[in-house]
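Coordinate analysis (summary)
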Amino acid sequence: MKKYFSFLLSFILLTSPVLTFAQQTVGGSSGTCDYQIESIAEIFHLFGCILAAAVIPMLVTLAVVIFIIGVIKYISKADEEAGRKEGKNLMIYGIIGLFVIVSIWGLVGIIQGTFGLGTNVLIPQLQGV
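Residues numbered from 1 in each chain as written. Predicted model: local features only at pLDDT ≥ 70, side-chain atom pairs only at ≥ 80, totals over all residues. Heavy atoms only, no water.

1. Quick notes on the overall build of the protein chain
For clarity, the threshold we go by: Each helix corresponds to a stretch of at least 4 residues labelled H or I by DSSP, and each strand to a stretch of at least 2 residues labelled E; elements are numbered beginning at the N terminus. Each accessible area is a Shrake-Rupley estimate made with a 1.4 Å probe; only the visible protein chains count as cover when residues are assessed.
Helix and strand counts for the protein chain stand at three helices and zero strands. Each helix and strand of the protein chain, placed in order from N terminus to C terminus, yields the pattern α-α-α. In the structure as shown, the protein chain presents an accessible area of about 9500 Å², 71% of it carried by carbon and sulfur atoms.

2. Some points on the pattern of salt bridges
Threshold: The rule for a salt bridge is simple: a side-chain nitrogen of Lys or Arg has to be within 4 Å of a carboxyl oxygen of Asp or Glu. Here the term buried applies to any residue with accessible area under 20% of the maximum for its type, exposed to any over 50%, and partly exposed to those in between, with areas from a 1.4 Å probe on protein chains only.
Enumeration according to the criterion identifies two salt bridges in this entry. Between Glu86 and Lys73 there is a salt bridge whose closest N-O contact spans 2.8 Å. Taken together, the positions of Glu86 in helix H3 (residues 81-115) and Lys73 in helix H2 (residues 40-76) put the pair 13 residues apart, joining distant regions of the chain. For Glu86, a relative accessible area of 41% corresponds to the partly exposed category. Between Glu81 and Arg84 there is a salt bridge; the shortest N-O distance is 2.4 Å.

3. Describing the packing of H2 against H3
Test applied: Between N-to-C directions, angles cover 0 to 180 degrees, with each direction set by a line fitted to C-alpha atoms, over the stretch in contact for helices. Working definition: roughly parallel below 35 degrees, roughly antiparallel above 145 degrees, roughly perpendicular at 65 to 115 degrees, and oblique for all remaining angles. By definition, any crossing whose near helix is turned counterclockwise from its far helix by less than a right angle is left-handed, and any crossing with a clockwise turn is right-handed.
Contact geometry of H2 with H3 gives a least axis separation of 7 Å together with a crossing angle of 155 degrees. Judged by the inter-axis angle, H2 sits roughly antiparallel to H3. When you trace H2 past H3, the crossing you get is left-handed.

4. Digging into a nonpolar patch on the surface
The test is simple: Exposure above 30% relative accessible area and the absence of a salt bridge qualify a residue for a patch, where like charges join within 9 Å and nonpolar side chains (Val, Leu, Ile, Met, Phe, Trp, Tyr) within 5 Å.
On the surface, a nonpolar cluster with roughly 680 Å² of combined accessible area is contributed by Ile92, Tyr93, Ile96, Phe99, Val100, Ile104 and Val108. Here Phe99 lies in helix H3. Owing to a relative accessible area of 59%, Phe99 belongs among the exposed residues under this scheme.

5. Topic: H2
For clarity, the threshold we go by: Multiplying 1.5 Å by the helix residue count minus one yields the expected span of that helix. Each residue is assigned a bend, namely the angle between axes fitted to the seven residues that terminate at it and the seven residues that start at it.
The first and last C-alpha atoms of H2 sit 52 Å apart over 37 residues, in line with the 54 Å expected at 1.5 Å per residue. Along H2, the largest kink reaches about 40 degrees and is centred on Ala52. Along H2, the residues classified as buried are Leu46, Cys49, Ala52, Ala53, Ala54, Ile56, Pro57, Ala63, Val65, Ile69 and Gly70.

6. Some remarks on the environment of Leu98
Relative to the assigned elements, Leu98 resides in helix H3. Taking relative accessible area as the criterion, Leu98 reaches 27% and is therefore assigned partly exposed. As for Leu98 and Thr61, which are separated by 37 residues in sequence, their C-alpha atoms are 9.3 Å apart.

7. Section: H3
As a reminder, the rule being used: A contact between two residues is defined here by any heavy atoms of the two lying within 4.5 Å.
Taking 1.5 Å as the rise per residue, H3 with 35 residues should run 51 Å; its terminal C-alpha atoms sit 51 Å apart, in good agreement. All of the buried residues along H3 are Gly83, Gly87, Met91, Gly94, Ile101, Gly109 and Gln112. Residues of H3 that are buried make contact with H2. Of the residues flanking the end of H3, it is Gly116, one or two places downstream, whose phi is positive at about 65 degrees.

8. Some details on the confidence of the model for the protein chain
Convention followed: Confidence of the predictor at the level of single residues is captured by pLDDT, which takes values from 0 to 100.
Here the protein chain shows a mean pLDDT of 74. Residues at 70 or above account for 65%. For the protein chain, helix H1 (residues 2-22) is the element with the lowest average pLDDT, namely 63, and H3 is the one with the highest, namely 86. Note on residues 22-31: pLDDT under 50 across the span, and 18 contacts to partners over four residues away in sequence or across chains.

So, in structure tokens, the structure goes:
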């Protein structure tokens, strides 16, 4: 049973980025990151769009998965002190990761508003979900 659970968890962790990237298209006529690269500034815009469209949602997904793994380990190893400690640490790391990501979004919003770089805070979202 432990092997089956380990395999299933590994499969989910390895395929979750694929599902995240499958929701976004970079370039093309219907893509969210459709830029004609003619200057250095547009390269930075494309990089930011790819970051917001694919990488950040994947990091949020990873932080949530780490938290859930911690909860599972904490519950399944309730009789072992070391297992509970490991699960507790994973839950804390997942919460810290989510906090850091959300804090960075807040700082980006403050910087955009302060320097007039834009009024909208770019919150990455999976399209079609």
